[in-house]
Amino acid sequence: MARKKIALIGGGQIGGVLAQLAALRELGDVVMFDIVEGLPQGKMLDIAEVGSVDGFDCNLKGTNSYEDIKGSDVVIVTAGLPRKPGMSRDDLIEVNSKIMTSVAEGIKANAPNAFVIVISNPLDAMVTLCQKITGFPYNRVIGQAGVLDSARFKTFIAWELGVSVKDVNAMTLGGHGDDMVPLVRYASVNGIPVMELLERKYKDKAKAKEVMDAMVKRTRGAGGEVVALLKTGSAFYSPASSAIQMAESILKDQKRVLPTCAYLNGEFGVKGFYVGVPCVLGENGVEQILEFELDAEEQAMMDKSVAAVKELVGSMK
Ligand code: PYR
């Protein structure tokens, strides 16, 4: 059986971590494309040279030519500018639409059978544009946002309750923006509702709600919190880890249930838009969308988030 091949479009901060993680997990051979001469070649050489130290053996190549992504099984797109402090993800739409247009054309021409995972922001618009230009089936073009947003929510819950993050289960739905929908009702510690644990901790329902509201708020603004601290870019370790989890589920047909920015055709009452929902990711990309009942409050938050996605997508020229 041929080795799998992963193409990374964009040799910036996220691209570098993606390459290292893909190599460490031996997901396959990795090629990194960037338009800047020397940048992808240098990063891939740097990572390749520690194969003997880290114990991985795969081919790593940096390139300025789209031809080198031929035969890729999975393409992960990070190309585009990151936010600066004070910017919203949506402020990037004009500049990153132009970049995504040429990236998607390059993927379409050279890796027509690949699964594509988009990370570039504003995520919901960029994945929409990527699918439109490649013309690939919807199950093969998805966006990474929910794995990261959910991971952030889980982290804050673990810190608050003093438990291992490994035992926290929580998920966010909706768009990758300030109106994302962290699902409080389903947040649990090994099945025990987080709200019940908070109420027992504080012996006060109102205080428990206040603490949860603060974690929801922090989750929604978590990308911006990192941008404000870094001052020169946005988060890169966490988006890379999150996308690698999605890629691994597809490449190894793991059928993980991961919050994925997926094209909806009526699910959750949304038709014709990419929105974050729980998906089964396997060898066919999005194999199932797991729909479930939202209560009135969750549905209202979802509607607000979807309205923001629609406005964003509608603003693309
Ligand atoms: C985030 O940190 O949330 C990004 O979108 C990069």
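Residues numbered from 1 in each chain as written. Predicted model: local features only at pLDDT ≥ 70, side-chain atom pairs only at ≥ 80, totals over all residues. Heavy atoms only, no water.

### A few points about the overall build of the chain
Along the chain, the regular secondary structure elements total 11 helices and 14 strands. In summary, the chain has a C-alpha radius of gyration of 19 Å against a globular reference of 20 Å for 317 residues, a match within 12%. Here the contacts in the chain between residues at least 6 apart in sequence split such that 68% fall between residues at least 24 apart. For the chain, the accessible area works out to roughly 14,500 Å², and carbon and sulfur atoms hold 52% of it. Side-chain charges in the chain split into 35 positive and 39 negative, and the spacing between the mean points of these groups amounts to 2 Å. (Helix = DSSP H or I, 4+ residues; strand = E, 2+ residues; numbered from the N terminus. Rg over C-alpha atoms; globule rule 2.2 N^0.38 Å. Contact = heavy atoms within 4.5 Å. Areas by Shrake-Rupley, 256 points an atom, 1.4 Å probe, with all protein chains shown as cover. Lys, Arg positive; Asp, Glu negative; His and termini not counted. Charge placed at Lys NZ, Arg CZ, Asp CG, Glu CD.)

### Comments concerning the UniProt feature "active site" in the chain
Residues given the UniProt feature "active site" here are His176. Relative to the elements of secondary structure, His176 occurs in the loop between β8 (172–173) and β9 (181–182). Not counting residues within four places of it along the chain, the set of residues in contact with His176 comprises Arg89, Asn121, Leu123, Asp124, Ala145 and Asp149. Of the polar contacts made by the side chain of His176, one reaches the side chain of Arg89; its length is 3.1 Å. (UniProt positions renumbered as here; feature names shortened; annotations may be inferred. Polar contact = N/O pair within 3.5 Å; in protein donor to acceptor, adjacent residues only side chain to side chain.)

### Description of the packing of aromatic side chains
Evaluation of the coordinates by the stated rule reveals 8 aromatic pairs. Seen from their ring centres, Tyr138 and Tyr274 are 6.4 Å apart, and the 65° between their planes marks the pair as edge-to-face. Of the two residues, Tyr138 is situated in the loop between α5 (123–134) and β6 (141–143) and Tyr274 in strand β13 (residues 271–282); the sequence distance between them amounts to 136 residues. Residue Tyr274 is classed as buried on the basis of its relative accessible area of 1%. For the pair Phe156 and Trp159, a centre-to-centre distance of 5.8 Å together with 55° between the ring planes defines the contact as tilted. Of the two residues, Phe156 and Trp159 are both situated in helix α6 (residues 146–161); the distance of 3 residues between them amounts to about one turn of the helix. The buried category is assigned to Phe156, whose relative accessible area is 9%. The exposure class of Trp159 is exposed, given its relative accessible area of 59%. Feature note: the residues Tyr138, Tyr263 and Tyr274 constitute an aromatic cluster, connected by ring pairs. (Phe/Tyr/Trp six-rings, centres within 6.5 Å; stacked < 30°, edge-to-face > 60°. Buried < 20%, exposed > 50% of the residue type's maximum accessible area, 1.4 Å probe, protein only.)

### A look at unusual backbone geometry
That bond from Asn121 to Pro122 is cis: its omega, -5°, falls within 30 degrees of zero. Relative to the helices and strands, Pro122 is located in the loop between β5 (115–118) and α5.

### Overview of the site of the ligand
For the ligand, the full set of nearby residues is Arg89, Asn121, Leu148, Arg152, His176, Gly223, Ser234 and Ala235. With respect to the ligand, the side chain of Arg89 contributes an N or O atom lying 2.7 Å from an oxygen atom. A distance of 2.8 Å separates an oxygen atom of the ligand from a polar side-chain atom of Arg152. Here the ligand loses 95% of its free accessible area of 220 Å² to cover by the protein chains. Structurally, the ligand is housed in the largest pocket. Residue classes in the shell around the ligand are distributed as 2 nonpolar, 4 polar and 2 charged. (Near = heavy atom within 4 Å. 1 Å grid on protein atoms, 1.4 Å probe; cavity = no way out; pocket = protein on both sides within 12 Å on 5 of 7 lines; lining within 4 Å. Sits in = over half its atoms within 2 Å of the grid points. Nonpolar A, V, L, I, M, F, W, Y, C, P; charged D, E, K, R; others polar.)

### Focus on the pairing of β5
Where a strand is regular, its side chains alternate between the two sheet faces. The two faces of β5 match: Phe115 and Ile117 on one face and Val116 and Val118 on the other face are all buried. As judged from the 4 bridges shared by strand β4 (residues 74–77) and β5, these two strands associate in the parallel manner. When the bridges of β5 are listed, Val75 appears paired with Val116. Assessed by its sense of winding, the connection that carries the chain from β4 through helix α4 (residues 93–110) to β5 is right-handed. (Pairing = 2+ DSSP bridges. Right-handed = clockwise from strand over helix to strand, strands pointing away.)

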